[in-house]
Amino acid sequence: MVILKNCWSEPIEVTELHEVVCRARDVCSCTVKPGLSRDNKPQSRRLPRAFRLDGKAESGPLHPSALKLPQVIEGLRVGRFTYTDAGEVTEDKE
Ligand SMILES: [Zn+2]
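Conventions and cut-offs
Residues numbered from 1 in each chain as written. Predicted model: local features only at pLDDT ≥ 70, side-chain atom pairs only at ≥ 80, totals over all residues. Helix = DSSP H or I, 4+ residues; strand = E, 2+ residues; numbered from the N terminus. Buried ≥ 20, exposed ≤ 12 C-beta atoms within 10 Å, placed from the backbone. Core = buried A, V, L, I, M, F, W, Y, C linked by C-beta atoms within 7 Å. Contact = placed C-beta atoms within 7 Å. Pairing = 2+ DSSP bridges.

A tally of helices and strands in the chain yields two helices and six strands. From first element to last, N terminus to C terminus, the chain shows the α and β order β-β-α-β-β-β-α-β. Considered along the principal axes of its C-alpha atoms, the chain spans approximately 45 × 30 × 20 Å. Scored against the burial criterion, the 94 residues of the chain give a buried share of 15%.

With that settled, the discussion passes to the nonpolar core. L4, V14, L17, V21, L53, L62, A66, L69, V72 and F81 together form the largest nonpolar core, which totals ten residues. When sequence neighbours within four positions are dropped, the list of residues in contact with V21 reads E16, H63, S65 and A66.

Another point: unusual backbone geometry. Peptide bonds are mostly trans, and most non-glycine residues show a negative phi. Despite not being glycine, N40 shows a phi value in the positive range, around 65°. Locating N40 in the fold gives a position in the loop between strand 3 (31-36) and strand 4 (42-47). Of note, K56 is a non-glycine position whose phi angle comes to about 65°, a positive value. If you trace the backbone, K56 turns up in the loop between strand 5 (50-53) and helix 2 (70-77). On the basis of neighbour count, K56 is assigned to the exposed category, with 12 C-beta atoms found within 10 Å.

Attention now moves to the pairing of strand 4. Among the six residues in strand 4, zero count as buried, and that is only a small part of the element. Pairing analysis gives six bridges linking strand 3 to strand 4, with the strands arranged antiparallel. Residue P34 lies in a different strand from strand 4, and its bridge partner there is S44. Between strand 3 and strand 4, which pair antiparallel and follow one another directly, the connecting turn spans five residues, one of which, N40, has a positive phi of 65°.

Bringing the environment of D85 into the picture now. With respect to the secondary-structure elements, D85 resides in strand 6 (residues 81-85). Sequence-wise, D85 and I3 are 82 residues apart; in three dimensions their C-alpha atoms are separated by 6.5 Å.

Tracing the backbone through its elements, the reader meets R46 in strand 4. On the neighbour-count criterion, R46 (13 C-beta atoms within 10 Å) is partly exposed. Look past the residues within four positions of R46 in its chain and what remains in contact with it is H18, C30 and V32.

All we've got here are geometric facts, nothing functional implied.
Shown next, in the form of structure tokens:
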């Protein structure tokens, strides 16, 4: 797991994109809502989870795939985020 730290004072909300996080974990943790497509056929919509980091705050343990999220890659690049390795991956069942 990794722990992400927001080094800036502004809070940020990071979306855990299905294509990045769910695919890497092999578990979908998105909220799936029923909906309709443009031509009125039933089609479910996936609403990915998001986590919020207050200014200068640290996240809880995150799956390492979080480091592949575009927002996190960008944040690490500009010095907004730092992360620490929190050891072995254990899947939380929610
Ligand atoms: Zn998902």
